[in-house]
Amino acid sequence: MSDQKRNCWEELKCGKESVCPAYPNQGRICFSVKGTHCRGEIQGSYMDKINSCKSSCSFYAQLA
């Protein structure tokens, strides 16, 4: 997938795509999906997690 845009689970290799609510169609906007699996924890809503995504998520940084 060198010239295609990758999804968060492909980039971060979390292994949680089968249980992630962003899978299979929202892997590029996972920050906006409630209940994603990040940093080993189930995340809350966009408002609950966006500051963390902005400050510490390498995948989010690539999107900006």
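Treat the numbers as computed from the prediction; the structure is a model and nothing was measured.

Rules used throughout
- Residues numbered from 1 in each chain as written.
- Predicted model: local features only at pLDDT ≥ 70, side-chain atom pairs only at ≥ 80, totals over all residues.
- Heavy atoms only, no water.
- Salt bridge = Lys/Arg side-chain N within 4 Å of Asp/Glu carboxyl O.
- Buried < 20%, exposed > 50% of the residue type's maximum accessible area, 1.4 Å probe, protein only.
- Helix = DSSP H or I, 4+ residues; strand = E, 2+ residues; numbered from the N terminus.
- Lys, Arg positive; Asp, Glu negative; His and termini not counted.
- Phe/Tyr/Trp six-rings, centres within 6.5 Å; stacked < 30°, edge-to-face > 60°.

What follows deals with the pattern of salt bridges. According to the stated counting rule, one finds one salt bridge in the structure shown. With a shortest N-O distance of 3.6 Å, Arg6 and Glu11 are connected by a salt bridge. Given a relative accessible area of 29%, Arg6 falls into the partly exposed group. Glu11 gets classed as partly exposed once you look at its relative accessible area, which sits at 29%.

As for its position among the elements, Lys49 is in helix H2 (residues 46–56). Buried within the structure, Lys49 lacks any salt-bridge partner; Asp48 is the closest side chain of opposite charge, at an N-O distance of 9.1 Å.

The subject of this paragraph is the packing of aromatic side chains. This structure, assessed with the given rule, holds three aromatic pairs. Measuring from ring centre to ring centre gives 5.0 Å for Trp9 and Tyr23, while their planes differ by 70°; the resulting arrangement is edge-to-face. Pair noted here: Trp9 is in helix H1 (residues 8–12) and Tyr23 is in the loop between H1 and strand E1 (37–38), with a separation of 14 residues, a long-range link. The class for Tyr23 is partly exposed, based on a relative accessible area of 41%. Aromatic pair Phe31 and Tyr46: ring centres 6.5 Å apart, planes at 55°, arrangement tilted.

Glancing now at unusual backbone geometry. Residues Tyr23 and Pro24 are joined by a peptide bond in cis, for which omega reads 5°. As for its placement among the helices and strands, Pro24 is situated in the loop between H1 and E1. Positive phi values are uncommon outside glycine, yet Arg39 reaches one of about 55°. You can see Arg39 is positioned in the loop between E1 and strand E2 (41–42).

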